[in-house]
Amino acid sequence: AIALELERIAVHLATLTGLATDIAWQQPAATYQRLRTALINATQPVCGKRFGKGWIRPGRAAPLNDTLRADLLQTLQAFLRDFVQVNTLVCASRSARARLQGVGVVSTQAATELGLTGVVARASGVALDLRQCLPNGLHGLHQPVIEVTGDCWARMHVRMREAQASTEWLLDRLRDPALDLDCPAPFTPATQAPEWPLTPHTLGLSVVEGVRGPVMVALETGPAGQLVHAKVQDPSLANWFGLAQALRGQQISDFPICNKSFDLSYCGNDL
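Residues numbered from 1 in each chain as written. Predicted model: local features only at pLDDT ≥ 70, side-chain atom pairs only at ≥ 80, totals over all residues. Heavy atoms only, no water.

Asker: Please clarify how the confidence of the model for the chain should be interpreted in this entry.
Answerer: For any part of a model where pLDDT is low, the fine detail of the predicted coordinates should not be relied upon. Mean pLDDT over the chain stands at 89; residues scoring 70 or higher make up 90%. Confidence over residues 184-188 falls short of pLDDT 50; this stretch has 12 contacts with residues more than four positions distant or in other chains. (pLDDT = per-residue confidence, 0-100. Contact = heavy atoms within 4.5 Å.)

Asker: Just checking my understanding: could you explain the sheet that holds strand β4 (residues 214-221) for this structure?
Answerer: By way of backbone hydrogen bonds, the strands of a sheet pair with one another, either parallel or antiparallel. Read across the open sheet, the 3 strands follow the order β3-β4-β5; overall the sheet is antiparallel. Bordering the open sheet on either side are β3 (203-209) and β5 (227-233), each of which pairs with just one other strand. Averaged over all pairs of adjacent strands, the angle between strand axes in this sheet comes to 10 degrees, irrespective of strand direction. Sheet topology places β4 next to β5; 6 bridges connect them, and they run antiparallel. Note that in β5 the partner of Ala218 across the bridge is Lys231. (Pairing = 2+ DSSP bridges. Helix = DSSP H or I, 4+ residues; strand = E, 2+ residues; numbered from the N terminus. Axes fitted to C-alpha atoms, helices over the stretch in contact; angles between N-to-C directions.)

Asker: Looking at this structure, how should I read the nonpolar core?
Answerer: Nonpolar side chains in soluble globular proteins generally cluster together in the buried interior. Ranked by size, the top nonpolar core spans 54 residues in total, and within it Trp55 and Phe83 carry the most contacts. For this core, the element with the highest residue contribution is helix α3 (residues 66-91), accounting for 10 residues. One finds Val119, Ala123, Val145 and Val158 within the second-largest nonpolar core, a separate group that totals 5 residues. (Core = buried A, V, L, I, M, F, W, Y, C linked by side-chain atoms within 4.5 Å. Buried < 20%, exposed > 50% of the residue type's maximum accessible area, 1.4 Å probe, protein only.)

Asker: Is there a simple way to explain the environment of Pro235 in this structure?
Answerer: By the element assignment, Pro235 lies in the loop between β5 and α9 (236-246). Classification of Pro235 as buried rests on a relative accessible area of 5%. It is 8.3 Å that separates the C-alpha atoms of Pro235 and Leu264, two residues lying 29 residues apart in sequence. Discounting residues that sit within four places of it in the chain, Pro235 has contacts with Thr117, Arg212, Gly213, Pro214 and Val215.

Asker: What am I meant to see in the pairing of β3 here?
Answerer: Side-chain positions along a regular strand alternate between the two faces of the sheet. Judged from the 7 bridges that link them, β3 and β4 form a sheet pairing that is antiparallel. What sits directly across from Val207, in β4, is Met216. Count of turn residues in the β3/β4 antiparallel hairpin: 4 residues, of which Gly213 carries a positive phi of about 140 degrees.

Asker: What is the right way to read the side chain of Ser265 from this model?
Answerer: Within the secondary structure layout, Ser265 lies in the segment after α10 (255-262). A relative accessible area of 11% means that Ser265 is categorised as buried. When near neighbours in sequence (up to four residues on either side) are disregarded, Ser265 contacts Arg212, Asp234, Ser236 and Trp240.

As structure tokens, then:
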């Protein structure tokens, strides 16, 4: 959960960087980019990768000892102060409002009928968030961040609010002395297979609220418990039609900000 929330913040920062760039405002763009770099750099001591690769393995997660916990706390505390400051600057800007408000609108009805998910659904007033609908032990108290106007401004504002909420959630968890993040079992290296046999002739499904929405993973095993099929469905697949809806009636110059406000995965189009 901690790894996922750190990733959520980092990806939202990348989107906010792009939105600021697309409206030709370099000051917040540079600030968001700087903050994202500090955040992903803090991941590297945990798992060896700036993008979190290897943090989670089957049945294992890289442990957070006291030193790593203190480093993350220090980074997040400094991050939150600057993040709130730059968000306040952007939201108070008349130019930013004029460029983003009322552009690329997807109504609540359209979002529901198209089956949109994640940030774009919540920005259109659809309260769908698996961290609340299917909570685990840590995410049980999460409340979805909702906006109702369904425009580029709403999608930007949802990202700002979600990133701030994730940061505050992380600070609460990392400060909790009762939360044991130092895994007692040895961490499984990336080159090792899971230590248990998989159940034969089984279809397993898992879904989690990723940055763009629900990420679904399906695994199928054969007669000897071997993996015979694996499928990942990216939430971008469900949301491309939402971008098409947002672009109806818009000017060509509105495409970059509409596209970035959705910030979908191109390679996830057919997943």
